[in-house]
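A look at the structure
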Amino acid sequence: MIVTRFAPSPTGFLHIGGLRTALFSWLLARKNGGKFLLRIEDTDQARNSEDAMQAILQAFDWVGMDYDGEALYQSKRFDIYQQYIDQLLNEGKAYKCYMSKEELDALREEQMAQKIRPHYDRRYRDFTGTPPAGVDPVIRIKAPLEGVISFEDGVKGEINIAASEVDDFIIARSDGVPTYNFVVAIDDALMGITDVIRGDDHLYNTPKQIVIYQALGFDLPRFNHVAMINNEQGKKLSKRDGATDVMEYKAQGFLPEALLNFLVRLGWSHGDQEIFSIQEMMELFDPKDINKSASSYNLDKLLWLNSHYIKECNNARLIRQLQDFGINLQDDSKRDIILKATKERAKTLVDLSHQIRLLIESPQKYDDKALKKAYKEGTVSILNDFIGVLKSEDPQSKETFHDLLQNFVAQKEIGFGKIAQPLRLALMGELSGAGLDEIMEIVGRDEVVKRIENLISHAS
RNA sequence: GACCCUUUCAUCUAGUGGCCAAGGAUGUUGCGUUUUCAACGCAGACACAGAGGUUCAAAUCCUCUAAGGGUCGCCA
């Protein structure tokens, strides 16, 4: 059975890079009827927060990703890690190192000055003398002294790291708290993880973790290291690039399926296909199709996907989503024609709510440029005449509004634009938007009249 | 500095020696449709990082160079 995991450290919100690796892991598990587990890497007590944890869970919930069983907290597993530390110590596979932080720093600086890779010099590896007094030792693992540590990465292929590149790294700090690479290896093994999918910034941790696996006699999982997501300039994605927090996308009016579709196509592909439902992603996802190279974030494409999914979205759901943006169409008898007129032209829910607001509320202001362009001398009399027609007739449907308009321009012998542009301005405050017939049907005759009168009094 | 990874249109990508004078998508340009904007349809521009090999044949294999990224913590 395939078992995958997502292992965030709760030090901040869930960012889109994290969501993508989580998505890949989740898809792989769900595709194979396996398990997707959540593990919280909270061994660094100082930097963790419950808020961050909640934010991550909330993001999972929003995109609709679920995990199996209870989330595992590393902070509650210290006794387990301690057992393995004792075991390695007893077996002589790990040892106590009494070097102080200051000594270590000095050594590092010296090595840097010599332009060699900083390395612990293993001075306590075979130490048998009397330890210095008053020093709490750290525990270090005995890494291999020679040879090559190799593994087959599911994305990158065969990776070989010389043993000389992996020093006897610390597995427990002087206060006894175990370190990251140690607990990750143990937990992945104990949780039965078969496939690790993570960012390739962890590539260098893998040989270290392999050292742990081997010392403890655990079977190795398959490793898949996914390249990073860069910003639109091709640089590392950072907070200053705007939305990196998953929940920020919700606030900006993105549909979760659009974000997931966008992310799944960043570094992964299936032929020429661009649109993937969650179901299709599950069926088609395969880590072997993950790209080796980093990809850049591209807002335009996300926007395109979002507008696609807004168009696809059924009205009932859209109406529910719109409530978060201050639009309540639940009891609006015209909700279907309102959405029909607007959802095709919206890129986000924020967009959509703006367009709907223009329909259901009188214009609060008129676009200056539009006013200049559409409101000329002669406009007043045309608009007044049109009000007269509206009052004498009582159009209801968009067809009758349509005929009314056509007859009006025919009778007055004017171009359509002479009435259409000012009318649009009166109704919406701007010159873009849905068809006039549709707008008037939605707005209703009386309100149309009112809006025209408003424009006239505003312009005079 | 050392080690590791990466490199196809502006961007996401297809491509595993002949089907590639490189395909799809976003964006962009033009046209059509529309009173307008969008959506939609059609058409166009835009790429194999460079240099050497290997081969009848190379985007694909090899070597070197260059550029970008990652890692070198008692952080995760």
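Now for a look at the structure at hand.

A separate point is unusual backbone geometry. Phi is positive for arginine 122, close to 60°, though the residue is something other than glycine. Relative to the helices and strands, arginine 122 is located in the loop between helix H4 (101-113) and strand E5 (138-141). Phi angles above zero are rare outside glycine, and glutamate 413 is one such case at about 55°. Take glutamate 413: it is sitting in the loop between helix H16 (398-412) and helix H17 (416-428).

Further remarks concern the pattern of salt bridges. Throughout the structure, instances matching the rule amount to 26 salt bridges. With a closest N to O distance of 3.8 Å, aspartate 324 and lysine 250 form a salt bridge. Placement of aspartate 324 in the loop between helix H11 (315-322) and helix H12 (335-342) and of lysine 250 in helix H7 (residues 246-251) is noted, with a sequence separation of 74 residues between them. The class of lysine 250 is partly exposed, set by a relative accessible area of 31%. Between arginine 451 and glutamate 447 there is a salt bridge whose closest N-O contact spans 2.6 Å. Of the two residues, arginine 451 and glutamate 447 are both situated in helix H19 (residues 445-459); the distance of four residues between them amounts to about one turn of the helix. Overlapping salt bridges, with partners in common, bring together Arg5, Arg39, Glu41 and Asp188 in one network.

With that out of the way, let us pick up the pairing of strand E9 (residues 195-199). Here E9 lies mainly inside the structure; five of its five residues are buried. The pairing of E9 with strand E10 (residues 222-226) spans five bridges and is classified as parallel. Across the sheet, residue arginine 198 finds its bridge partner in E10, namely histidine 225.

Around RNA strand B lies a shell of 60 residues, among which Lys115, Arg173, Tyr204, Gly267 and Arg345 are the nearest. Restricting the count to atoms of RNA strand B within 4 Å of the protein gives a sugar and phosphate share of 67%. Note that a base oxygen of RNA strand B is positioned 3.5 Å from one of the backbone N or O atoms of alanine 434. Taking leucine 436, its main chain carries an N or O atom lying 2.7 Å from a base oxygen of RNA strand B. Its residues assigned to classes, the surface near RNA strand B comprises 17 nonpolar, 18 polar and 25 charged.

Before going further, it helps to spend a moment on the sheet that holds strand E4 (residues 94-97). In spatial order, the strands read E4-E5-E8; together these three strands make up an open sheet with antiparallel pairing. Each edge of the open sheet carries a strand with a single partner, namely E4 and strand E8 (170-172). Ignoring which end each strand starts from, the neighbouring axes of this sheet average 45° apart. Taken together, the two bridges between E5 and E8 define a ladder with antiparallel strand orientation. Considered in E8, the bridge of isoleucine 139 is made with alanine 172.

Further remarks concern the environment of lysine 334. Relative to the elements of secondary structure, lysine 334 occurs in the loop between H11 and H12. Along the sequence, lysine 334 and isoleucine 442 sit 108 residues apart, while their C-alpha atoms lie 6.6 Å from each other. Ignoring any residue separated from it by four or fewer positions in sequence, one finds lysine 334 in contact with Glu441, Ile442 and Gly444. A polar contact of 3.1 Å, which involves the side chain of lysine 334, links it to the backbone oxygen of glutamate 441.

Let us look at the packing of aromatic side chains. For any pair of aromatic rings, the description consists of the separation of the ring centres together with the inter-plane angle of the planes. One pass over the structure, following the stated rule, counts 14 aromatic pairs. Here the aromatic residues Phe24, Trp268, Phe276 and Phe285 are joined through ring pairs into a cluster of three or more. Residue placement shows lysine 76 over the ring face of tyrosine 73; its charged tip is 4.6 Å from the ring centre. Taking the ring centre of phenylalanine 169 as reference, the NZ or CZ of lysine 208 above it sits at 5.6 Å.

All right, on to the sheet that holds strand E3 (residues 72-73) then. Strand order in the open sheet made by the three strands is E1-E2-E3, with parallel pairing throughout. Lying at the two open borders of the sheet, with one neighbouring strand each, are strand E1 (3-6) and E3. Pairing between strand E2 (residues 35-40) and E3: two bridges, direction parallel. If you follow arginine 39 over to E3, its bridge partner there is leucine 72. Strands in contact with helix H1 (residues 16-31) are E1 and E2; relative to E1, the strand with the most contacts, it is inclined by about 160°. Along the sheet, helix H2 (residues 50-63) contacts E1, E2 and E3; its crossing angle with E2, the most-contacted strand, is approximately 160°.

Each value, and the rule that gives it
Residues numbered from 1 in each chain as written. Chains lettered and ligands numbered in written order. Predicted model: local features only at pLDDT ≥ 70, side-chain atom pairs only at ≥ 80, totals over all residues. Heavy atoms only, no water. Helix = DSSP H or I, 4+ residues; strand = E, 2+ residues; numbered from the N terminus. Salt bridge = Lys/Arg side-chain N within 4 Å of Asp/Glu carboxyl O. Buried < 20%, exposed > 50% of the residue type's maximum accessible area, 1.4 Å probe, protein only. Pairing = 2+ DSSP bridges. Near = heavy atom within 4 Å. Polar contact = N/O pair within 3.5 Å; in protein donor to acceptor, adjacent residues only side chain to side chain. Nonpolar A, V, L, I, M, F, W, Y, C, P; charged D, E, K, R; others polar. Axes fitted to C-alpha atoms, helices over the stretch in contact; angles between N-to-C directions. Contact = heavy atoms within 4.5 Å. Phe/Tyr/Trp six-rings, centres within 6.5 Å; stacked < 30°, edge-to-face > 60°. Lys NZ or Arg CZ within 6 Å of the ring centre and 35° of its normal.

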